[in-house]
Amino acid sequence: MNKKETIEKVSELSQVTIADCKKVLDALEIVMQEELANRKGIRNIFNMMYKMMGVFKSK
């Protein structure tokens, strides 16, 4: 799934506009890039993502 398809699917499932989904996913991409640079390792970024998914699921 490419970025456009991901945005469309998230928009469909969340009932949020495509433009708003794009803004959120673009911001998430920046945050993840910064975290990867700060944590200096792919394992750490996956740990962070796993924790984030737990927060999302609990809401």
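Everything quoted here is computed from the prediction, not taken from an experiment.

*Asks:* Can you help me understand the overall build of the protein in this one?
*Replies:* Scanning the protein from terminus to terminus reveals three helices and zero strands. When the elements of the protein are put in sequence order from the N terminus, they spell out α-α-α. By residue count, 10% of the 59 residues in the protein fall in the buried class. With an accessible surface of roughly 5,100 Å², the protein has 61% of that area assigned to carbon and sulfur atoms.

*Asks:* Would you mind going over the environment of Leu 25 with me for this structure?
*Replies:* Along the polypeptide, Leu 25 turns up in helix α2 (residues 18–39). Leaving out residues up to four positions away in the same chain, Leu 25 has contacts with Thr 6, Ile 7 and Val 10.

*Asks:* Just to check I follow, could you spell out the confidence of the model for the protein for this structure?
*Replies:* Segments scoring low in pLDDT should not have their predicted coordinates read at a detailed level. For the protein, mean pLDDT is 83; residues scoring 70 or higher make up 86% of the total. Within the protein, the lowest mean pLDDT, 73, falls on helix α3 (residues 42–58), and the highest, 92, falls on helix α1 (residues 3–14).

*Asks:* What should I look at first to understand the pattern of salt bridges in this one?
*Replies:* One side chain can pair with another of opposite charge once the charged atoms of both are near each other. Overall, the coordinates contain five salt bridges when judged by the stated rule. With a closest N to O distance of 3.0 Å, Lys 4 and Glu 8 form a salt bridge. With Lys 4 and Glu 8 both in helix α1, this residue pair falls four residues apart, about one helical turn. Each member of the salt-bridge network shares a partner with another, and the members are Lys 3, Lys 22, Asp 26 and Glu 29.

*Asks:* Would you mind going over unusual backbone geometry with me for this structure?
*Replies:* Glycine aside, negative phi is the norm for most residues, and most peptide bonds take the trans geometry. At Gln 15, a residue that is not glycine, the phi angle is positive and equals roughly 60°. If you trace the backbone, Gln 15 turns up in the loop between α1 and α2. Overall, Gln 15 belongs to the exposed group, its relative accessible area being 76%.

*Asks:* What should I look at first to understand α1 in this one?
*Replies:* Along an α-helix, residues three or four positions apart point the same way, because every turn accommodates 3.6 residues. Look at α1: 16 Å from first C-alpha to last across twelve residues, which is about the 16 Å you get at 1.5 Å a residue. Structurally, the start of α1 carries an N-cap: the backbone nitrogen of Lys 4 is 3.1 Å from a side-chain oxygen of Asn 2. Just downstream of α1 lies Gln 15, where phi reads positive at about 60°.

Definitions and limits used
- Throughout, a residue's number is its position along its own chain's written sequence, starting from 1.
- Only residues with pLDDT of 70 or above have their local features reported here, since the model is predicted, and side-chain atom pairs are shown and tallied only from 80 upward, although totals for entire chains, interfaces and linings are computed over all residues.
- With hydrogens and water excluded, all non-hydrogen atoms of the structure serve as input to the side-chain values.
- Starting at the N terminus, helices and strands are each numbered in turn, a helix being any DSSP run of H or I of at least four residues and a strand any DSSP run of E of at least two.
- Under the scheme applied here, a residue whose accessible area is under 20% of the maximum for its type counts as buried, over 50% as exposed, and between as partly exposed, the area being computed with a 1.4 Å probe on protein chains only.
- Accessible surface area values rest on a Shrake-Rupley calculation with a 1.4 Å probe, where residue burial reflects the displayed protein chains alone.
- Should any heavy atoms of two residues lie within 4.5 Å, those residues are counted as being in contact.
- Confidence scores per residue from the predictor, reported as pLDDT, run from 0 to 100.
- Within this document, salt bridges are pairs made up of a side-chain nitrogen of Lys or Arg and a carboxyl oxygen of Asp or Glu, the two lying within 4 Å of each other.
- In a helix, the anticipated span is given by 1.5 Å times the number of residues less one.
- Pairing of N or O atoms within 3.5 Å defines a polar contact, subject to two protein rules: one partner must be a possible hydrogen donor and the other a possible acceptor, and residues neighboring in sequence count only if both atoms are side-chain atoms.

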